[in-house]
Amino acid sequence: MAIVFYQYYFRSNAPGRYKVVLAACRLLAVFGIFLLLINPEFIRYQFEEEKANLVLLLDNSSSLQLSDAAEQSEKVREAIAGNSALSARFRISSFSFGENLNPSDSLSFTEKATNISKALAAIEEVYSETATAVVIVTDGNQTLGEDYEFYGKNQPWPVYAIAVGDTTQFADIRIDQLNVNKYAFLKNKFPVEVYLSYQGEAAVDSRMTIALDGQNVYSEKVSLSNTGNSKVVSTLIPASSVGVKRIRVALSPLSGERNTTNNIRNSAVEIIDEKTRVAIISDMLHPDIGALKKAIESNEQREVLIFKPNVPLTTLDKINLFMLYQPTPSFRGIYQFIETKMANKFTITGTKTDWNFLNGIQYSFEKTSFAQSEDVSPLLNTAFSLFDISGFSTTHFPPLEDTLGDLLITKASESIFGQEIKGVDTKEPLLTIIENDNRKEAVLFGENIWKWRVQSFRNEQSFKNFDELIGKIVLYLASDTQRDRLSLDYENIYQGNTEAVLTAAYFDKSYVFDPNATISLFLQNDSTNFRSEIPMLLMSGYYKADLGGLPAGQYGFNVRVKGENLMKSGNFSILDFDVEQQYVSTDYRKLGRLASATNAQLYFPEKTNDMIAELLSDEQFVPIQKSNQNVVPLIDFKILLGLIVAALAAEWFIRKYNGLI
């Protein structure tokens, strides 16, 4: 005001009628400038009350329905949720859990698995930074995941446990685990491993029986006591026929045993006939043929049939691999049959081989023979990569016999052995693998391989060295590597408590994954006349059908691609098994150890009010009043700048309009 008085009333000659207006504009502008320089501020305080968290974890598994645990759990939930004192002191959140944690207190008691440690871990991720108390309502029987008793030692806050259900401990013998291979080979034996346990004081005897498709195949008496309360029973079961076989392991119940559901465990095994049939075709007698037959059949899943070249071709329809021993013109029909069938072959040449015929009937290799025999020793190719031969040894192996000549391999190949003649490496193969257009072929340029098998026995007192090499070659040649446009991935047997899914991969004609296909799964169960079509959903690089909602039973299926003449079929079984039914007594002791490890206590449903009283009296959960201090400017500088500009502009306009200096 002093500045304005000096400018407009002490020095200014402006007319009196404009002085007041001009002085007011100048006063507002100067006052605004000084206000910006001073920038006055004031402090604002905000107060809020922060409550501790009370997390209620409710077991939603089906085991709670086996007793009065479900009713007890509901009453505990209502007692906690309806307590006004708890609501005033805590921020209450309710979750249910089974296999996973669900943000809801709605209980159906239908979950087929219980994972207590996973529920605790999920809560820790959310509430680890704030004061929290956890109340878990469960029977304490966990069927999945890490042992929650040990996990609880790492909890940052107390876990109050309320044990619901029947805490009475009854004598109980049960099957804890049944281990069976998914597949077994026909006419072999497959292992069955059974884990048994006993809960009780007195020594007891029971009889365990194993049935295969309803027929008892094994029985054993088992004795258990409170000191020796577990046992593992292992046996071998013969696989006598092909197909999916149901395995039922049962324990005879104890006198007065309450829970007999866990005395039975079911599984299944698929017995398959994977026998590889190998035909050795020769028009001569030679010890090599017997040695090869012995080596190949050392694996019981392989069968060797010996034929002459004039064998009826219909006899060869089921042959997986052809071994052609020293071919001659009489092999012409055999070669034509192999080409028609697109089969793989193993050719062995020697001093009786007709090279003129062999060079003209096939185009993988050729040789200009000089009709002079020569001894050829093996040089092992340690860089061979098609399959593992690192364990094979050629120590003291005698040379093979073949004819001299220039050898040419005309297709892609990789040698297992090179040739050495009189100590000189000829750089030519002795035993080589040739691949072309998804077909595979092996060629051995030499006879008397029986001597190698004899030498293997002399070296190691076993034929294993030689037999394993021949077995690997046969396995490689007999395998089919042709790629399918539609391929499926599924289990033949699904346990009732596991996720059952079937996936498919579909490729277009150029073998590129097609994400735009429409693929459907058609299911049928003949025993229940069940029919269903399930669209397969596109996932990341595959199609998926969820089978989890299907009841137990045997199902046949077809997978079809719309608009394509492509279909794959198969069968699978879903076993009737509920792991939650294996327990009828509450494991309150373990729940008590969990609570003690977190500085809390175990309660039973009738003592819920005592737990509530303890929570209300615990000083660590008293609500905390927090104040937030905010420094706020007196005037928004944008508004003040606007007023200054407006005041100066008005003053300038009035002076200019009225011709004032």
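Structure shown above.
Residues numbered from 1 in each chain as written. Predicted model: local features only at pLDDT ≥ 70, side-chain atom pairs only at ≥ 80, totals over all residues. Heavy atoms only, no water.

Participant: What am I meant to see in the overall build of the protein here?
Facilitator: Along the protein, the regular secondary structure elements total 14 helices and 34 strands. Computed over the C-alpha atoms, the radius of gyration of the protein is 43 Å, more than 25% above the 26 Å expected from 2.2 N^0.38 for a compact globule of 661 residues. In terms of overall dimensions, the protein has C-alpha extents of about 140 × 90 × 55 Å along its principal axes. By residue count, 44% of the 661 residues in the protein fall in the buried class. Across the protein, the fraction of contacts at a sequence separation of at least 24, relative to all contacts at a separation of at least 6, is 71%. Total accessible area computed for the protein in this model is approximately 34,400 Å², and 51% of it derives from carbon and sulfur atoms. Placing the 63 positive and 79 negative side-chain charges of the protein at their respective mean positions leaves the two points 5 Å apart. (Helix = DSSP H or I, 4+ residues; strand = E, 2+ residues; numbered from the N terminus. Rg over C-alpha atoms; globule rule 2.2 N^0.38 Å. Buried < 20%, exposed > 50% of the residue type's maximum accessible area, 1.4 Å probe, protein only. Contact = heavy atoms within 4.5 Å. Areas by Shrake-Rupley, 256 points an atom, 1.4 Å probe, with all protein chains shown as cover. Lys, Arg positive; Asp, Glu negative; His and termini not counted. Charge placed at Lys NZ, Arg CZ, Asp CG, Glu CD.)

Participant: Explanation requested: the pairing of strand S2 (residues 52-59) in the structure shown.
Facilitator: Counting buried residues in S2 gives eight out of eight residues, a clear majority hidden from the surface. Here S2 shows no split at all, with Ala52, Leu54, Leu56 and Leu58 on one side and Asn53, Val55, Leu57 and Asp59 on the other all buried. Inspection of the sheet shows S2 paired to strand S3 (residues 90-97) by eight bridges, in the parallel sense. Among the inter-strand pairings, leucine 57 is bridged to a residue of S3, identified as phenylalanine 95. Strand direction decides the pairing type here: S2 and strand S5 (residues 132-138), joined by six bridges, are parallel. (Pairing = 2+ DSSP bridges.)

Participant: I would appreciate a short explanation of the side chain of serine 73 in the present structure.
Facilitator: Turning to its location among the elements, serine 73 is positioned in helix H3 (residues 69-81). The class of serine 73 is buried, set by a relative accessible area of 0%. If sequence neighbours within four positions are ignored, serine 73 has contacts with Leu58, Leu64, Leu107, Phe109, Val137 and Val164.

Participant: Please clarify how the packing of aromatic side chains should be interpreted in this entry.
Facilitator: Aromatic rings in a pair are described by how distant their centres are and how their planes are angled relative to each other. Applying the stated criterion across every chain, the model contains 21 aromatic pairs. Considering the side-chain rings of tryptophan 355 and phenylalanine 365, the 6.2 Å spacing of their centres and the 80 degrees angle between planes classify their relative orientation as edge-to-face. You can see tryptophan 355 sitting in helix H9 (residues 355-361) and its partner phenylalanine 365 sitting in strand S19 (residues 365-380), a full ten residues away along the chain. Like phenylalanine 365, tryptophan 355 is buried. Plain terms: the ring middles of phenylalanine 365 and phenylalanine 445 are 5.6 Å apart, the flat faces sit at 90 degrees to each other, and that makes the pair edge-to-face. Taken together, the positions of phenylalanine 365 in strand S19 and phenylalanine 445 in strand S23 (residues 439-445) put the pair 80 residues apart, joining distant regions of the chain. Residue phenylalanine 365 is classed as buried on the basis of its relative accessible area of 1%. You can call phenylalanine 445 buried: its relative accessible area is 1%. Put simply, the rings of Tyr490, Tyr494, Phe530, Tyr555, Phe557 and Phe572 touch in pairs and so form one group of aromatic residues. Here lysine 440 stacks its cationic end above the ring of tyrosine 476, 4.4 Å away from the centre of that ring. One cation-aromatic arrangement involves arginine 560 over phenylalanine 522; the distance from NZ or CZ to the ring centre is 4.5 Å. (Phe/Tyr/Trp six-rings, centres within 6.5 Å; stacked < 30°, edge-to-face > 60°. Lys NZ or Arg CZ within 6 Å of the ring centre and 35° of its normal.)

Participant: Please explain the packing of H3 against helix H13 (residues 608-617) as it appears in this structure.
Facilitator: Each pair of packed helices can be described by the angle between their axes along with the distance between the axes. At their nearest, the axes of H3 and H13 sit 10 Å apart, and the two run at 30 degrees to each other. As for the relative orientation of H3 and H13, their crossing is right-handed in sense. Contacts between H3 and H13 pair Val76, Ala79 and Ile80 from the former with Thr608, Met611 and Ile612 from the latter. Grouping the amino acids of the contact of H3 with H13 by side-chain chemistry returns five nonpolar, one polar and no charged. (Axes fitted to C-alpha atoms, helices over the stretch in contact; angles between N-to-C directions. Left-handed = near helix turned anticlockwise from the far one by under 90°. Nonpolar A, V, L, I, M, F, W, Y, C, P; charged D, E, K, R; others polar.)

Participant: Any chance you could explain the sheet that holds strand S7 (residues 172-180) here in plain terms?
Facilitator: The strands that make up a sheet are held in pairs by hydrogen bonds between backbone atoms, and each pair lies either parallel or antiparallel. An order of S7-S9-S12 is seen for the three strands of this open sheet, with the pairing classed as antiparallel. In this open sheet, the two strands that pair with only one neighbour each are S7 and strand S12 (230-238). If you compare each strand with its neighbour and ignore which way they point, the axes differ by 25 degrees on average. Sheet topology note: the strand S9 (residues 189-199)/S12 ladder contains nine bridges and is antiparallel. Among the inter-strand pairings, lysine 189 is bridged to a residue of S12, identified as proline 238.

Participant: Please explain a nonpolar patch on the surface as it appears in this structure.
Facilitator: Side chains of Ile3, Ile33, Phe34, Leu37 and Ile38 sit close together on the surface and give an oily, nonpolar patch of about 520 Å² of accessible area. With four residues, helix H2 (residues 16-38) is the largest single contributor of residues to the nonpolar patch. For phenylalanine 34, the location among the structural elements is in helix H2. Classification of phenylalanine 34 as partly exposed rests on a relative accessible area of 43%. (Patch = residues over 30% accessible without salt bridge, like charges linked within 9 Å, V, L, I, M, F, W, Y side chains within 5 Å. Salt bridge = Lys/Arg side-chain N within 4 Å of Asp/Glu carboxyl O.)

Participant: What am I meant to see in the environment of phenylalanine 370 here?
Facilitator: Position of phenylalanine 370 among the secondary structure elements: in strand S19. When sequence neighbours within four positions are dropped, the list of residues in contact with phenylalanine 370 reads Leu404, Gly405 and Asp406.

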